[in-house]
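Inside the fold
The chain contents come next:
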Number of protein chains: 4
Amino acid sequence: MRQEERDRRGPTFTETARREQIMRGAIDAVNELGYHGASLSEIARHSGVAKSALVYYFGSKDALLLHVVDGVYSALGGAIDTAVAAERAPADRLRAYAESYLDHVGTHRLELTAASDIVVSHRGPDGVPLYLATEDEDTALLRAILTSGMEAGVFRAMSLPAAVAIVENMLDLAITAVQRRIDADLDTLTREIVDFIFRGLLV
Amino acid sequence: MRQEERDRRGPTFTETARREQIMRGAIDAVNELGYHGASLSEIARHSGVAKSALVYYFGSKDALLLHVVDGVYSALGGAIDTAVAAERAPADRLRAYAESYLDHVGTHRLELTAASDIVVSHRGPDGVPLYLATEDEDTALLRAILTSGMEAGVFRAMSLPAAVAIVENMLDLAITAVQRRIDADLDTLTREIVDFIFRGLLV
Amino acid sequence: MRQEERDRRGPTFTETARREQIMRGAIDAVNELGYHGASLSEIARHSGVAKSALVYYFGSKDALLLHVVDGVYSALGGAIDTAVAAERAPADRLRAYAESYLDHVGTHRLELTAASDIVVSHRGPDGVPLYLATEDEDTALLRAILTSGMEAGVFRAMSLPAAVAIVENMLDLAITAVQRRIDADLDTLTREIVDFIFRGLLV
Amino acid sequence: MRQEERDRRGPTFTETARREQIMRGAIDAVNELGYHGASLSEIARHSGVAKSALVYYFGSKDALLLHVVDGVYSALGGAIDTAVAAERAPADRLRAYAESYLDHVGTHRLELTAASDIVVSHRGPDGVPLYLATEDEDTALLRAILTSGMEAGVFRAMSLPAAVAIVENMLDLAITAVQRRIDADLDTLTREIVDFIFRGLLV
DNA sequence: TATGAATGAGTATTCATTCAT
DNA sequence: TATGAATGAATACTCATTCAT
């Protein structure tokens, strides 16, 4: 079976290409038809491969969609990590966090609208949607920034979980805007969001 | 047929009761199984009636779910209207808006988690999800409050659409919290949200 | 139960009126929606009574439709009987048969299109369509006319079943014409049909 | 999907076989249960395949039934074309038309009873039954024969549409006879029909 | 490595019929 | 006499998944 071999020897070149191709097809299908309309056959059609190939490469439709989400949010996380790592002061790091997030949304619109659609609509076998299944790890960096800022006295003291939720939620607004209009102008919104966050957090 | 009769003579007592019973079943089913899992048969099972009864009373599954959404958000809107109407000053009105919203979420958890789930996952025939199909009317009151506050100089000047989106989004956080844990303590979150909103908006 | 009482005492006035009203509704529904579309609820709607009333008065949907067919073809048969009874010579009687048939079709278009639709599409519980379940009795008069004409030497000798089938089938053409266009001009067709029949039968 | 592939590369061997198998099942089901009783599951059962296979190969139940009708009447039309093409004189061509028609009915009883049943009972989305939706093309050959015969003075002058309708209708009698009794003896009926037609048409 | 063929479990919806009143 | 309420069985159709090749 493919997955096991991959574990042993790592993916071959063509395999990686095929997986990439299929994930792009999935993103296109979700954007065009919505999560509900993105059936396996539609994804296959958008990918230019047979339905059975999707199952062959990803094991199941669900696994494929989760891979898409994983890939998109990993890329977003990577961009944020890089931006934040370039700063030392908590406020600068928070600004880098927010701006790199919003910038990445603006430059990866198709990926993020699709991934967001999946995150919002997909349910695991237990019926729990992805967007409620946040792992601690996902918010670790933001939590660290906020904590150090509060300890440094540059951010006011407030409930950490609340602060994390508020900031993440506000950044999400950019994705919603892009979902509404794929070519939405994010500049104003970006400024307002960052401004609002800092007004809420600074002492 | 049921719907037409209702238009002519108004609902009978038993009809209202049955509709209520079915809508409760739908809310239960959505909460337990998620929007996707809430098939007609599951809703019927949770309601204690036959599948065909749902169609008999609501015409279609979609119509039923939209009725649920409509009912839940009408109640929320009503609570907000009442609270806001008791105040005159923009800041007081905004506070009443936010607090009544958050309070209503706390006292109607099942209804709002279900309705929110539907709003987020349901697609109309055009494929557009409900939460992207916001009507101007839905945000009219909030827009009016923010506008008058800005004109009065009590709120700082900022993009009105951005302000509306930010405030609504932040209030939504309470629903997300309840979706995560149905018995979540909303007191802290409520205080933090209201505080954050006012810090962001006041001059 | 209604039917049993009717057997005992004969139908009351209002009962007859109701049955009439419902049969008219059925004819309207079949003409407007076709046999397939003429569901019990549609017939009820066209009749202005409740679905359950149809069952109450006729026992079942099938029984109702059979009553309609029966009524319509009885009226046609009556018109033919009257016209034929006025003639003595076989050729005159056949002409009276054909012309009264075609005339009746022209003056009872709605009834006959509906009845014909039912006859053609309806299946008994055994799966046998009505138009194949012809009773001997239905063709008795035509058979008698043809027989006496052949015996008198005015019609040529030919297979009696074939002759009956051919004549009936040819007269049916008028109904088909009306089904195609409810306001079809039957004059030409009538002349051609009668002419054709006589050319085929006369010695 | 099956249909699209077929357009691109032509049907594969197994595909053709499966389609044949399913169409035979449909013919059997219609003959046994009538158009109404021939549900997708019954057709599947008679075909020995799963319901979903019917949809896989034909797209929908309606498409399948229309394919059956199309196939059966194409074969009939082909037989007629061949027979008629061998003759030159209008009367000979008409005789070839009628006799090949009636002969084909006799040798393809199951196909024609089923197809006729479908034609008579099936309604398009507009509610118009197939047998009323006759295309000009369907009667083109017969019209041409009759026209040329009238012009040559061998057939008497009469309304062309009436003549076409009468002849087609009379030939249909053979199908009705077979529907009534699948092993009906068509020899006599054939002779009588052809005879009747010529008596009615010859000058 | 890749897929075409086939399916079974599931979907929403329709509809004639029943029954208490 | 008449009906509103309710349903169970049936309908066509969808779709993720399997499997032989």
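Residues numbered from 1 in each chain as written. Chains lettered and ligands numbered in written order. Predicted model: local features only at pLDDT ≥ 70, side-chain atom pairs only at ≥ 80, totals over all residues. Heavy atoms only, no water.

**Some details on the interface of chain C and chain D**
Each side of the interface is counted separately: chain C has 34 residues, and chain D has 34 residues. Taken together, both faces of the contact between chain C and chain D bury some 3100 Å²; the carbon and sulfur share is 60%. Counting across the interface, chain C meets chain D through four salt bridges. With a shortest N-O distance of 2.3 Å, D:Asp117 and C:Arg123 are connected by a salt bridge. For the interface between chain C and chain D, the tally reads 15 residue pairs in polar contact (both at pLDDT 80 or more). Of all the elements in the fold, those that place two or more residues in the side of chain C that touches chain D are helix H2 (13-37), helix H7 (109-121), helix H9 (160-180) and helix H10 (187-201) of chain C. The leading source of residues in the side of chain C that touches chain D is H10(C), at ten residues. (Contact = heavy atoms within 4.5 Å. Buried area = accessible area lost by both parts, 1.4 Å probe. Salt bridge = Lys/Arg side-chain N within 4 Å of Asp/Glu carboxyl O. Polar contact = N/O pair within 3.5 Å; in protein donor to acceptor, adjacent residues only side chain to side chain. Helix = DSSP H or I, 4+ residues; strand = E, 2+ residues; numbered from the N terminus.)

**Considerations on the packing of helix H8 (residues 140-151) of chain D against helix H9 (residues 160-180) of chain D**
All names here are of chain D. Between H8 and H9, the least distance of the axes is 10 Å, while the angle of their chain directions is 125°. In terms of their interaxial angle, H8 and H9 are classed as oblique. Crossing hand, H8 versus H9: right-handed. Residues Leu142, Arg143, Leu146, Thr147 and Met150 of H8 pack against Leu160, Ala163, Val164, Val167 and Glu168 of H9. Classifying every residue of the contact of H8 with H9 gives seven nonpolar, one polar and two charged. (Axes fitted to C-alpha atoms, helices over the stretch in contact; angles between N-to-C directions. Parallel < 35°, antiparallel > 145°, perpendicular 65-115°, else oblique. Left-handed = near helix turned anticlockwise from the far one by under 90°. Nonpolar A, V, L, I, M, F, W, Y, C, P; charged D, E, K, R; others polar.)

**Looking at the pattern of salt bridges**
Counted by the stated rule, this structure contains 24 salt bridges over all chains. In this structure, C:Asp183 engages C:Arg181 in a salt bridge whose closest nitrogen and oxygen atoms are separated by 2.9 Å. A cluster of three or more residues bridged by salt bridges with shared partners is formed by A:Arg156, B:Asp195 and B:Arg199.

**Side note on the relation of the copies chain C and chain D**
There are two copies of the chain, and a rotation about an axis plus a shift along that axis relates them. In screw terms, the move from chain C to chain D is a rotation of 178° and a rise of 0.0 Å along the axis, fitting with an RMSD of 0.3 Å. Such a combination of rotation and displacement between the chain copies is what one expects of a two-fold axis. No C-alpha of chain C lies nearer the rotation axis than that of C:Ser121, which sits 2.5 Å from it. Looking at the interface residues of chain C, 97% of them are also at the interface in chain D, so both copies use one shared face. (Least-squares fit on C-alpha atoms with pLDDT ≥ 70 in both.)

**Focus: the arrangement of the chains**
You won't find any contact between chain A and chain C; their C-alpha atoms come no closer than 31 Å. The two partners chain B and chain D share no contact, and the minimum distance between any of their C-alpha atoms is 20 Å.

**Concerning the environment of B:Thr107**
Residue and element names in this part refer to chain B. With respect to the helices, strands and loops of the structure, Thr107 is situated in helix H6 (residues 90-107). Once the C-alpha coordinates of Thr107 and Glu137 are considered, the two residues, 30 residues apart in sequence, prove to be 25 Å apart. A distance of 2.9 Å separates a polar atom in the side chain of Thr107 from a polar atom in the side chain of His108.

**Quick look at the domain arrangement of chain A**
Residues and elements named next belong to chain A. Taken domain by domain, chain A comprises domain 1 (1-59) and domain 2 (69-201). For domain 1 and domain 2, the distance between their C-alpha centres works out to 27 Å. Taken together, the contacts link six residues of domain 1 with ten residues of domain 2. Here domain 1 and domain 2 share an interface that buries about 690 Å² over both sides, 62% of which is from carbon and sulfur atoms. Viewed at the interface, domain 2 and domain 1 are joined by one salt bridge. A salt bridge links Arg24 to Glu111, with the shortest nitrogen-to-oxygen separation between them at 3.5 Å. The tally of links between domain 1 and domain 2 comes to five residue pairs in polar contact (both at pLDDT 80 or more). Counted by class, the side of domain 1 that touches domain 2 contains three nonpolar, two polar and one charged residues. (Domains from an automatic or database assignment.)

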